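# An overview of the molecular structure
Below, each chain spelled out in residue letters.
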Amino acid sequence: MKLKPISFILLAGLMGYVGYWYFLSLNTDIYLEKMAERLAQQGAAFEYASYEVSGFPYRLVLTFENPVFKFQNGPLEIVVNSTKMDVIAQPWNLSHIIFFPEDTEIQLSYAAQEMTLKPEHLGFSFHDLGGDRYRLSSEFTGVEISSNLETGVPVKLDTMAFHLRKEIQEIQEAEGLFEPKLLELGLSGTRGKEFSFEVTSSFRGQEVPEMTRPALEVWRNHGGTFEIDKLQISQFGQTFEGAGSFTLDNQFRPLGVFSIEGASPKEILKFFTANRWIGETDAVLVGSFIDTLPKDANGNDFIFPLAFSIQEGFLTLGPARLKEIGPIIPE
């Protein structure tokens, strides 16, 4: 006799879940409309030709045809084009969504600077933490890179990863001079065993600024900074690490200091010159400056951080002005 109530409860639970899944699948239009409104508030848009719903019973899968994601913030623009994309969620946890686009091309532009990424495989994971807080992670493989920038990055990487977290962090006692972290970004990539890089950075301030002069002025005047918490580059067995902190001057040009360490200053200069980050003329100036630095008893260079600064619109190292740096927001 006791089996009947248990069977009834299980059957009711099963029917309730089936009804819930179909309720979600029949109301995806409403969800997509709300998502479009939320994206528009962030300067983004998501367009597609059509979609269909599948995945019963364990998953909710939305398959989009010809999806296009666009994001613009001042001079920064990101466009992601794909021929098809599966968006997967578990019906009992709609705050975690996974994206699998196919035949994807990612176009990045900032004013006249452009870069295009074409990965063989790409996946995104999005966690909605509530209250305008979220985490976004992505993994790329077989990435072809084309750009009008001289970055020194290989034209193809075996792997790439990008992480973004928007969540106000509590200020630690040791960080009392800094504003709280608002947005944390991480980027890494590898090409075989010969090359790898990793960058972790963060915006600090009262709120993440829009890329407009009025918004950036408020962010700067309230103590906002952009921190490069870690930069690590490894090439042919040699590794360099760096860190820096930047704000903006009254002409909206970067203002701050960045240091590189891990080898002697001459080895760092050789690495920068080989990757075309410093021209031949500037390399001579930097080399002359390095020759004036203290040496050990045997005449060898000490291994200590080599500090670059950006001020008054120039990237400098010691007395050498390496490059003119203009405003980050064009006139």
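Residues numbered from 1 in each chain as written. Predicted model: local features only at pLDDT ≥ 70, side-chain atom pairs only at ≥ 80, totals over all residues. Heavy atoms only, no water.

### Examining the overall build of the chain
Short version of the rule: Helix numbers and strand numbers start at the N terminus; a helix is a DSSP run of H or I with at least 4 residues, a strand a run of E with at least 2. Here the term buried applies to any residue with accessible area under 20% of the maximum for its type, exposed to any over 50%, and partly exposed to those in between, with areas from a 1.4 Å probe on protein chains only. In this description, contact between two residues means that some pair of their heavy atoms is separated by no more than 4.5 Å. Only the protein chains shown count as cover for residues, and the accessible areas themselves come from Shrake-Rupley with a 1.4 Å probe.
A count of helical and extended segments in the chain gives 5 helices and 19 strands. Within the chain, the fraction of its 331 residues that count as buried is 35%. When contacts within the chain are restricted to residue pairs at least 6 apart in sequence, those whose partners lie at least 24 apart make up 48%. A total accessible area of about 19700 Å² is found for the chain, and carbon and sulfur atoms account for 57% of it.

### A few points about helix α4 (residues 265–274)
Spelled out, the test is: Read the arc as the range of directions from the helix axis to the C-beta atoms.
Buried within α4 are the following residues: Pro265, Ile268, Leu269, Phe271 and Phe272. Across the axial projection of α4, the buried residues extend over an arc of 160°, all falling on one side. Within α4, the exposed residues directed more than 90 degrees away from the buried face are Lys270 and Ala274. Summarising the contacts, the buried residues of α4 are in contact with β14 (225–235), β15 (238–248), β16 (254–261), α5 (280–291) and β17 (306–311). Among the residues trailing α4, arginine 276 stands out with phi positive, at a value near 60°.

### Quick look at the pattern of salt bridges
Cut-off, in case you're wondering: Salt bridges are defined by distance alone: a side-chain nitrogen of Lys or Arg within 4 Å of a carboxyl oxygen of Asp or Glu.
Using the criterion set out here, one finds 8 salt bridges in the structure. A salt bridge links aspartate 249 to arginine 253, with the nearest nitrogen and oxygen atoms 2.8 Å apart. Arginine 253 gets classed as buried once you look at its relative accessible area, which sits at 16%. Here the salt bridges do not stand alone but share partners, grouping Arg165, Lys181 and Glu184 into one network.

### Points about the environment of glutamate 227
Stated formally: Pairing of N or O atoms within 3.5 Å defines a polar contact, subject to two protein rules: one partner must be a possible hydrogen donor and the other a possible acceptor, and residues neighboring in sequence count only if both atoms are side-chain atoms.
Secondary-structure assignment places glutamate 227 in strand β14. Judged by relative accessible area, glutamate 227 falls into the buried class, the value being 7%. The sequence separation of glutamate 227 and lysine 181 amounts to 46 residues, and the corresponding C-alpha distance is 9.4 Å. A polar contact is formed between the side chain of glutamate 227 and the side chain of serine 245, at a distance of 2.8 Å.

### Considering unusual backbone geometry
Here the residue pair phenylalanine 56 and proline 57 is connected by a cis peptide bond, since its omega of 10° sits within 30 degrees of zero. With respect to the helices, strands and loops of the structure, proline 57 is situated in the loop between β2 (50–54) and β3 (60–65). In the Ramachandran plot, asparagine 66 falls in the positive-phi region, its phi being about 50° despite a non-glycine side chain. Within the secondary structure, asparagine 66 is located in the loop between β3 and β4 (68–73). The residue phenylalanine 252 is not glycine, and still its phi comes out positive at about 65°. Checked against the element boundaries, phenylalanine 252 lands in the loop between β15 and β16. Among the residues examined, phenylalanine 252 registers a relative accessible area of 7% and is labelled buried.

### Quick word on the pairing of strand β12 (residues 181–191)
Rules: If DSSP finds at least two bridges between two strands, the strands pair.
When strand β11 (residues 156–166) meets β12, the two strands line up antiparallel, connected through 8 bridges. The residue bridging alanine 161 from the neighbouring strand is serine 188, located in β12. Here 10 bridges tie β12 to strand β13 (residues 195–204), and the two strands are oriented antiparallel to one another. Pairing of glutamate 184 across the sheet is with serine 202, part of β13. The turn linking β12 back onto β13 is made up of 3 residues, and glycine 192 within it adopts a positive phi angle of 55°.

### Some words on the side chain of aspartate 249
With respect to the element layout, aspartate 249 can be found in the loop between β15 and β16. Judged by relative accessible area, aspartate 249 falls into the buried class, the value being 11%. For aspartate 249, the side chain forms a polar contact with the main-chain nitrogen of glutamine 251, separated by 2.8 Å.

Take it as geometry only, folks, not as evidence of what the structure does.
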